[in-house]
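# Summary of structural features
Each chain, written out:
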Amino acid sequence: GSKLAPTNLLFDYGIRLGFLGILLCSLIYTRMIKNLIILFFHKVGLFQKIIISLILGTIIQMLAFTGYGWTSPSGLLMTVIMYRRIQDMLRYKEMKNKWIIGNI
């Protein structure tokens with residue numbers, strides 16, 4: 001098991017990978033947080049706003065309090081899936097807005 005279980009994710013990456021680990025982790029997660037905030041203020045439904053809020057809460061919790069399990073292969077896979085899904089949602093919203101504006 002991980003000896004760094006009670007630490008936050010940034011500290012965990014810093015111990016394991018040094019400055020490069022902290023830099024990569026912060027780049028990925030700040031981009032995810034920024035995109036989630038952008039999505040939250042798009043015209044999305046209540047259900048999507050709840051999901052975005054839960055994902056934001058999870059990211060902030062693991063970055064600030066405990067990153068237990070997020071450095072394992074399954075945690076990295078979840079990070080990739082979340083990142084990819086957020087990018088797809090943002091791209092879909094931008095394409096939908098361009099289509100609506102283009103057809104006015």
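Everything that follows concerns the structure shown earlier in this document.
Read on for an overview of the structure. Being a predicted model, the structure only gives us computed values, none of them experimental.

Attention now goes to the pattern of salt bridges. Counting across every chain of the model gives 2 salt bridges. The partner of Arg84 in a salt bridge is Asp88, with the nearest N and O atoms 3.7 Å apart. Here the residue Arg84 and the residue Asp88 both occupy positions in helix α4 (residues 73-102), the gap between them amounting to 4 residues, near one helical turn. In this structure, Asp88 and Arg91 form a salt bridge, with 3.1 Å as the shortest nitrogen-oxygen distance. Taken together, the residues span about one helical turn, with Asp88 and Arg91 both in helix α4 at a distance of 3 residues. Note on Asp88: relative accessible area 29%, which makes it partly exposed. Look at the salt bridges and you will find they share partners, linking Arg84, Asp88 and Arg91 into a network.

Turning next to the nonpolar core. In terms of nonpolar packing, the biggest core is built from 18 residues, with Leu9, Tyr29, Ile59 and Leu63 touching the most fellow members. At the level of elements, α1 (9-17), α2 (19-40), α3 (46-64) and α4 are the ones that each hand at least two residues to this core. With residues near it in sequence (within four places) discarded, Ile59 still touches Tyr29, Met32, Ile33, Leu36 and Met82.

Each value, and the rule that gives it
- Residues numbered from 1 in each chain as written.
- Predicted model: local features only at pLDDT ≥ 70, side-chain atom pairs only at ≥ 80, totals over all residues.
- Heavy atoms only, no water.
- Salt bridge = Lys/Arg side-chain N within 4 Å of Asp/Glu carboxyl O.
- Helix = DSSP H or I, 4+ residues; strand = E, 2+ residues; numbered from the N terminus.
- Buried < 20%, exposed > 50% of the residue type's maximum accessible area, 1.4 Å probe, protein only.
- Core = buried A, V, L, I, M, F, W, Y, C linked by side-chain atoms within 4.5 Å.
- Contact = heavy atoms within 4.5 Å.

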